[in-house]
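Each chain, letter by letter, is given below.
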Amino acid sequence: MDKYVIKGGRRLEGSVRIQTAKNSVLPILAACVLTDGKVTLSDVPDITDVANMTAILSSLGCSIVYEGGSAVIDSSSAHTFEIPSALAHGLRSSVFLLGSIVSRFHRAKIAYPGGCDIGLRPVDLHLSGLKRLGVNISESGGYIICECERLRGNEIMLDCPSVGATENIMLASVRAEGTTVIENAAREPEIVDLQKFLNVLGARVRGAGTGTIVIEGVNKLGGGSFRPMADRIEAGTFLIAAAMCGGEVVLEGVGGENLSSLLHKLRENGCKLRVKNDKIYIRSDRRPLSVKSVETQPYPGFPTDLQAQMTALCTICSGNSIVTENLFETRFKYVPELKKMGADITVVDRSAFVRGVERLHGAVTAAHDLRGGAALVIAALAAEGDSQVVGITHIDRGYSGFEYKLSALGADIRRVGV
Ligand code: EPZ
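Computed from a prediction, not measured in an experiment: that's the story for all the values here.

S.K.: Explain the side chain of K405 here, please?
M.R.: Assignment of secondary structure puts K405 in helix 14 (residues 402–408). The exposure class of K405 is buried, given its relative accessible area of 16%. At 2.7 Å, the side chain of K405 and the side chain of E234 are in polar contact. Excluding its chain neighbours within four sequence positions, the residues that come into contact with K405 are V16, R17, I18, Q19, E234, F238 and S400.

Have a look at this one:
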């Protein structure tokens, strides 16, 4: 298990190029199973979630070749509709593949993904959506088993705007007979990106980004080339790091349009921000002001994937804050770790009550999940003294070259194998 060794207290200065979005690339890779055409994805991030999804596609019989940061996917030889449980458990978002596999093979068998460190992560909305499209679903021995004669378009109302369920239903319906309408669909930018990608392959999808998505089934999809959108969560993580450490940072390759809720909060913190084309400039030259309240909501509300990082920032604000997590049941597991660094936080139900302190101090902390781990790293960068963050394989799931990018901004951080 590798760890980060960090000497805190350094300001961050310089520019950092933002990777393409993990949460766009994963459903797009799942979508490649739908076509026999060759697909080229450029600038695919070097993260373990992508490596795990690649392993799953390979196990289905797809060919994936990485050439200079691009992935060339050919699913023409895909021959298996079952995902081995070891692979499915290694990647929760393997459940997105259900829609693609059942569309291609009219059968699918995948280990039940189960919960993870941020909550129960049920898939009931995925399964009820697939049933509305004509899929018979049974569960046995920890597996979800799907079978259907043919997929038929239908109207589907989601009880909550689930990102994964919206994407799974989109993937299952692009080659169904007739038209599918998803109501109360998730509005995340990654879903707009998936729509763009599917339409490059010849699908007929419209409405992504709104609560109603319409998919007109087509018989066949072709190939194509596509560059996924920038990772707004990686971008937000670096912005919060700059706000915590102080300094002047330029994010390159990302616009501000998908980060409005965070930019609004950081301006409340007293940061200076400017967005120009595909660059975001941030300057922070004082102790952050408190933002009073942060409530995570489905897009365009404040993203749950930036909740931990924002809570870390709140720990050193001049004032008190309340951070409320409305999407996942147990997304505060990083809080006891921040308290080892001197943070004053009390969690009651879904809210963290934070009293701002002048500075955090270094400590040895442990990452329990991807975004909580990132929060511990940026807290250590801002803290006084030496820190270690263990369990950084969680961070490797979603951040490519995290320590290199931070070092290039002046942080004193290095990876050590243990
Ligand atoms: C996606 O997860 C993201 N993952 C998550 O990012 C992100 O936190 C989440 O959307 C919310 O934005 C990927 O895109 C790979 P949901 P997903 O279905 O699809 C409930 C990260 O750190 N729900 O929108 O699993 C669920 O319990 C990860 O990059 C059901 O009740 O999230 C939760 O309360 C973490 N039944 C809420 O919906 C279902 O069938 C939101 O979950 C599905 C979900």
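S.K.: Just checking my understanding: could you explain the sheet that holds strand 4 (residues 63–67) for this structure?
M.R.: Strand pairing in a sheet is mediated by backbone hydrogen bonds. Such pairs are either parallel or antiparallel. The strand order across the open sheet formed by 4 strands is 4-5-3-14, and the pairing between neighbours is mixed. The two strands at the open ends of the sheet, each matched to only one other strand, are strand 4 and strand 14 (224–226). The average angle at which neighbouring strand axes cross in this sheet is 15°, direction not considered. Direction of pairing for strand 3 (residues 38–41) relative to strand 14: parallel, over a ladder of 3 bridges. By the bridge assignment, L41 is partnered in strand 14 with F226. Of the strands in this sheet, strand 3 and strand 14 are in contact with helix 7 (residues 189–200), which crosses strand 14 at around 160°.

S.K.: Looking at this structure, how should I read the packing of aromatic side chains?
M.R.: Working definition: an aromatic ring pair is given by the centre-to-centre distance plus the angle between the planes. The full count for this structure, using the stated rule, is 4 aromatic pairs. Ring geometry for F238 versus F402: centroids 5.8 Å apart, planes at 70°, classification edge-to-face. In this pair, F238 is assigned in helix 8 (residues 232–245) and F402 in helix 14, connecting sequence segments 164 residues apart. Under the relative-accessibility criterion, F238 is labelled buried at 1%. For the ring pair F332 and Y334, a centre distance of 6.2 Å and an interplane angle of 50° mean the geometry is tilted. Of the two residues examined, F332 and Y334, each falls in the buried class.

S.K.: Would you take a moment to explain helix 4 (residues 97–105) for this structure?
M.R.: Residues that lie three or four places apart on an α-helix share one face, since the helix turns once every 3.6 residues. Extensive coverage of helix 4 is indicated by the burial of 8 of its 9 residues. Buried residues of helix 4: L97, L98, G99, S100, I101, V102, S103 and R104, and no others.

S.K.: Any chance you could explain the site of the ligand here in plain terms?
M.R.: In the vicinity of the ligand, 23 residues are found, and the nearest of them are D124, L125, S162, D305 and L327. Between the ligand and P122, the relevant distance is 3.3 Å, taken from an oxygen atom to a main-chain nitrogen or oxygen of the residue. Here G164 contributes a backbone N or O atom positioned 2.8 Å from an oxygen atom of the ligand. Compared with its free state, where it exposes 820 Å², the ligand has 89% of that area covered by protein.

S.K.: When you look at the environment of Y404 in this model, what are you seeing that I'm missing?
M.R.: One can find Y404 in helix 14. Taking the C-alpha atoms as reference, Y404 lies 8.3 Å from R414; in sequence the two are 10 residues apart.

S.K.: Can you help me understand the nonpolar core in this one?
M.R.: Note that soluble globular proteins tend to have their nonpolar side chains buried in a common cluster. Ranked by size, the top nonpolar core spans 72 residues in total, and within it L41, L97, L98, M170, F197, L198 and I213 carry the most contacts. When residues in this core are grouped by element, the largest group, 6 residues, is from helix 1 (residues 22–31). Filtering out sequence-adjacent residues up to four positions away, L97 remains in contact with A30, V33, M53, I56, L57, L60, I83 and N168. Judged by nonpolar contacts, the second largest core, of 71 residues, contains F238, L251, A367 and L406.

S.K.: I'm lost on a nonpolar patch on the surface in this one. Help?
M.R.: On the surface, I322, V348 and F353 cluster together into a nonpolar patch covering about 230 Å² of accessible area. Relative to the elements of secondary structure, I322 occurs in strand 19 (residues 320–324).

S.K.: What's the story with the sheet that holds strand 8 (residues 136–140) in this structure? I'm lost.
M.R.: With mixed pairing, 4 strands are arranged side by side in an open sheet as 6-7-9-8. At either end of the open sheet lies a strand with only one pairing partner, and these are strand 6 (82–83) and strand 8. For strand 8 and strand 9 (residues 143–147), the ladder comprises 5 bridges, and the chain directions are antiparallel. Bridge pairing in strand 9 places E139 opposite I144.

S.K.: Honestly, unusual backbone geometry in this entry has me stumped. Any pointers?
M.R.: The step from Y299 to P300 runs through a cis peptide bond, and the omega angle for that step is 10°. With respect to the helices and strands, P300 occurs in the loop between strand 18 (292–295) and helix 10 (307–314). Phi at D43 takes a positive value of approximately 60°, unusual for a residue other than glycine. Inspection of the secondary structure assignment puts D43 in the loop between strand 3 and helix 2 (48–60). Located in the positive-phi region is H106, a residue other than glycine, with phi close to 60°. By the element assignment, H106 lies in the loop between helix 4 and strand 7 (107–111). For H106, a relative accessible area of 29% corresponds to the partly exposed category.

S.K.: I keep staring at helix 8 and nothing clicks. Help me out?
M.R.: Over its 14 residues, helix 8 runs 20 Å from end to end, which matches the ideal 20 Å to within 8%, given 1.5 Å per residue. Of all 14 residues making up helix 8, 14 are buried, and the element is well covered by its neighbours. For helix 8, the capping residue at the N-terminal end is D231, with a side-chain oxygen 2.9 Å from the backbone nitrogen of I233. Of the residues trailing helix 8, G246 is marked for its positive phi of about 80°.

S.K.: Honestly, the state of the cysteines in this entry has me stumped. Any pointers?
M.R.: This model, assessed by the stated rule, comprises 0 disulfides. The thiol of C148 is unpaired, and the distance to the nearest cysteine sulfur, on C146, comes to 8.3 Å. The buried category is assigned to C148, whose relative accessible area is 8%.

Here is what the cut-offs are and how they apply
- Numbers given to residues run from 1 along each chain, matching the order in which its sequence is written.
- This being a predicted model, a pLDDT of at least 70 is required before a residue's local features are given, and a value of 80 or more before pairs of side-chain atoms are given or counted; all residues contribute to the totals for chains, interfaces and linings.
- To get the side-chain values, all heavy atoms of the structure are used, and hydrogens and water are removed first.
- Strands are runs of DSSP state E lasting at least two residues, helices are runs of H or I lasting at least four, and both sets are numbered from the N terminus onward.
- The buried label applies to any residue whose accessible area, calculated with a 1.4 Å probe on protein chains only, is under 20% of its type's maximum; exposed applies above 50%, and partly exposed to all values in between.
- Counted as a polar contact is a pair of N or O atoms within 3.5 Å, where, for protein atoms, one must be capable of donating a hydrogen and the other of accepting one, and residues adjacent in sequence contribute only when both atoms are in side chains.
- In what follows, residue pairs with any heavy atoms lying within 4.5 Å of each other are defined as contacts.
- Between any two strands, at least two bridges found by DSSP are needed for them to pair.
- Throughout, an axis means a line fitted to C-alpha atoms (over the contacting stretch in the case of helices), and angles, computed between N-to-C directions, take values from 0 to 180 degrees.
- Aromatic rings from Phe, Tyr and Trp, with only the six-membered ring used for Trp, were paired whenever their centres fell within 6.5 Å, and each pair was classed as stacked if the ring planes differed by under 30 degrees, edge-to-face if by over 60, and tilted otherwise.
- Consider each residue's heavy atoms; a residue with any of them within 4 Å of a molecule or strand counts as near.
- For accessible areas, the Shrake-Rupley method is used with a probe of radius 1.4 Å. Any residue's cover is judged against the shown protein chains and nothing else.
- In this description, a nonpolar core means a group of buried Ala, Val, Leu, Ile, Met, Phe, Trp, Tyr and Cys residues linked to one another through side-chain atoms lying within 4.5 Å.
- Like-charged residues are merged into a patch within 9 Å and nonpolar side chains (Val, Leu, Ile, Met, Phe, Trp, Tyr) within 5 Å, provided each residue has over 30% relative accessible area and no salt bridge.
- By convention in these notes, a salt bridge is any Lys or Arg side-chain nitrogen within 4 Å of a carboxyl oxygen on Asp or Glu.
- A helix is expected to span 1.5 Å for every residue after the first.
- Pairs of cysteine sulfur atoms within 2.5 Å are what we label disulfides.

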